[in-house]
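# Examination of the molecular architecture
So the chains spell out like this:
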Amino acid sequence: SIEAAYHLALGRIRLASFEGEDLILAGDGVSLRFEAIPPVPTAELVDTTWTLDTIIVGEVASSVLPGGPATLILHADGRFEGHTGCRGFGGRYTVSGGEVVATELITDDNACTEPMATQDGHVLTVLGDGFSAAIDGDRLTLTSTGGLGLGYTATE
């Protein structure tokens, strides 16, 4: 098998060197070349402008309602700010045990009407409950301790 041949070759390696960025392992009658795999581009959680595009309730994901841009920015200094699609918010956060917790959440005085009021409430509930954050490339998914979620795309 290929795996057995690979393990046999590894046992005969006596020299390791680089050719450019490739790692070369060589020995008695064997030579193995390893190419570096470029990292998957991953947006950083902090200091990135995230634009909301998905509302998640349990296993159901739905599109964000048309309205103002719904955004989120978590700053490295512990501040956050954003917009629910109908009103702005801001505050402070901490990270504890792999969870982001809003220690202060302030919204502006704009009143949201339905159906934007439902989206507004969902966003503020996820942020207020505390959430885990998962990044996959330019996608950010927030999942609250209450099981609600938000899907964002990096825009900056």
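Before reading further, recall that the structure is shown in the block above.
Residues numbered from 1 in each chain as written. Predicted model: local features only at pLDDT ≥ 70, side-chain atom pairs only at ≥ 80, totals over all residues. Heavy atoms only, no water.

## So, the state of the cysteines
- Within the structure shown, the criterion is met by one disulfide.
- Here C86 is linked by a disulfide to C112, with a sulfur-sulfur distance of 2.0 Å. Taking the torsion about the sulfur-sulfur bond, which here is approximately 95°, the covalent link between C86 and C112 counts as right-handed. Linking C86 in the loop between β7 (79-83) and β8 (88-96) with C112 in the loop between β9 (99-107) and α2 (116-129), this pair joins segments that are 26 residues apart in sequence. (Disulfide = S-S within 2.5 Å. Helix = DSSP H or I, 4+ residues; strand = E, 2+ residues; numbered from the N terminus.)

## Structural notes on the pattern of salt bridges
- Within this structure, the stated rule accounts for five salt bridges.
- If you follow the salt bridges from partner to partner, you end up with E19, D22 and R33 in one network. (Salt bridge = Lys/Arg side-chain N within 4 Å of Asp/Glu carboxyl O.)

## Observations regarding the nonpolar core
- Core analysis: the biggest nonpolar cluster contains 22 residues, and L72, F80, L127, L142, L150 and Y152 have the highest contact counts within it.
- Elements that contribute at least two residues to this core include exactly β4 (50-57), β6 (71-74), β8, β9, α2, β11 (139-144) and β12 (148-154).
- With four residues, the top contributor of residues to this core is α2.
- With near-sequence residues (within four places) excluded, L72 lies in contact with T48, T49, W50, F80, E81, G82, F89, L127, L142 and Y152. (Core = buried A, V, L, I, M, F, W, Y, C linked by side-chain atoms within 4.5 Å. Buried < 20%, exposed > 50% of the residue type's maximum accessible area, 1.4 Å probe, protein only. Contact = heavy atoms within 4.5 Å.)

## Brief notes about the sheet that holds strand β3 (residues 30-34)
- An order of β1-β2-β3 is seen for the three strands of this open sheet, with the pairing classed as antiparallel. If you trace the sheet from one side to the other, it starts and ends with β1 (13-19) and β3, each paired once. On average, each strand axis in the sheet is tilted by 20° relative to the strand beside it, whichever way the strands run.
- With five bridges joining them, strand β2 (residues 22-27) and β3 adopt antiparallel strand pairing. Looking at the pairing, I24 lines up with R33 of β3. (Pairing = 2+ DSSP bridges. Axes fitted to C-alpha atoms, helices over the stretch in contact; angles between N-to-C directions.)

## Topic: the environment of L15
- If you trace the backbone, L15 turns up in strand β1.
- For L15 and V123, which are 108 residues apart along the polypeptide, the C-alpha to C-alpha distance reads 56 Å.
- Leave out the neighbours within four places in its chain, and L15 touches I24, L25 and A26.

## Topic: α2
- For α2, built from 14 residues, the straight-helix expectation of 20 Å at 1.5 Å per residue is met to within 8% by its first-to-last C-alpha distance of 20 Å.
- Among all positions of α2, only M116, Q119, D120, H122, V123, L124, V126 and L127 are buried.
- G130 sits one or two positions beyond α2 and adopts a positive phi of about 95°. (Expected span 1.5 Å × (residues − 1).)

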